[in-house]
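# Fold and geometry: a report
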Amino acid sequence: MSFKNQIDLTKLPEHIAIIMDGNGRWAKDHNKPRVYGHKHGVVSVRNIVEGAGEIGLKHLTLYAFSTENWNRPKLEVTALMQLLVNTISKEVDTLHKNGVKLTTIGDLNSLPNNCSKELERASELTKNNKGLNLILALSYSAKWEILQAVKTIANDVTEKSLNIYEINESVFASYLETKDIPDPELLIRTSGEHRISNFLLWQIAYSELYFTNKLWPDYRKEDLFEAIVNYQKRERRFGLTSDQLSN
Ligand code: FPP
């Protein structure tokens, strides 16, 4: 039986986040430059978004470019930005037709102008769509996000629009980039690396982590469905005991 048929649609996670990793190694395995791997990574993005839509997932966050990725060779950074612009402009109509809402998290101001403009255009066009919320993390890092939140909170306290004693977990979360999105129940990382790489540190406090050796350009919807089936077999205890949960 396919993994898709094994999914219990009544127990679907609301939000899945993915660290897409392994494009460079995939390109190396094919004796090609790194950018070749990124281009094939886009094929996986398309396939995974399609799969997420098929099962009715509400939110999918893809870690497309981290704050640290700016330190990569200039040629690779430029190619990644161009790939992003080209992909969005090519796919936005299909996304829109399929009810996908495109949103972003991260420091959009640091992106090249044509890139942030294209993203703004796509977000504006799709903002009322009720299907999958596709969140691209771009020039994003969790430490950057948390520092931004702390600065804004400090400013609001100084200006007396926020009382220091009112600050709790939900107030803090409302200052994060992800304020309108539930925390991911499932975080997937491809390519066999077992780390979080500065991604959604606050939001994954209780996420289930799933690691696969597949390199991102080889990752397809059946792999996503396999991760969901694996997730659905887990017992999420949130600090409680198994007995407490079954009572
Ligand atoms: C990690 O592989 C991948 C990235 C830093 C970029 C991901 C970008 C894409 C898949 C294409 C554009 C995305 C969208 C949403 C249109 P790596 O380069 O770190 O691989 P390595 O660890 O094998 O070197």
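Here the structure is shown first, and the text comes after it.
Read on for an overview of the structure. Computed from a prediction, not measured in an experiment: that's the story for all the values here.

Right, let's talk about the layout of surface pockets for a bit. When its volume is computed, the largest pocket comes out at roughly 1,200 Å³. As for the largest pocket, its lining consists of 49 residues, and the residues nearest its centre are Met 20, Val 45, Leu 62, Ala 64 and Trp 216. At the level of secondary structure, the elements contributing two or more residues to the lining of the largest pocket comprise α2 (23–29), α3 (34–55), β2 (59–66), α4 (74–97) and β4 (133–140). In terms of residues, the lining of the largest pocket owes the most to one element, α3, which gives 11 residues. Its residues assigned to classes, the lining of the largest pocket comprises 24 nonpolar, 14 polar and 11 charged. For the second largest pocket, the calculated volume is near 260 Å³. Lining the second largest pocket we find 13 residues, and of these Thr 103, Thr 104, Glu 177, Lys 179 and Asp 180 sit closest to its centre. Contributing elements (two or more residues each) for the lining of the second largest pocket: β3 (101–105) and β4. Examining the composition of the lining of the second largest pocket, we find that four residues originate from one element, β3, more than from any other.

Rules behind the numbers
Residues numbered from 1 in each chain as written. Predicted model: local features only at pLDDT ≥ 70, side-chain atom pairs only at ≥ 80, totals over all residues. Heavy atoms only, no water. 1 Å grid on protein atoms, 1.4 Å probe; cavity = no way out; pocket = protein on both sides within 12 Å on 5 of 7 lines; lining within 4 Å. Points joined across faces, edges and corners; volume = space filled by probe spheres on them. Helix = DSSP H or I, 4+ residues; strand = E, 2+ residues; numbered from the N terminus. Nonpolar A, V, L, I, M, F, W, Y, C, P; charged D, E, K, R; others polar.

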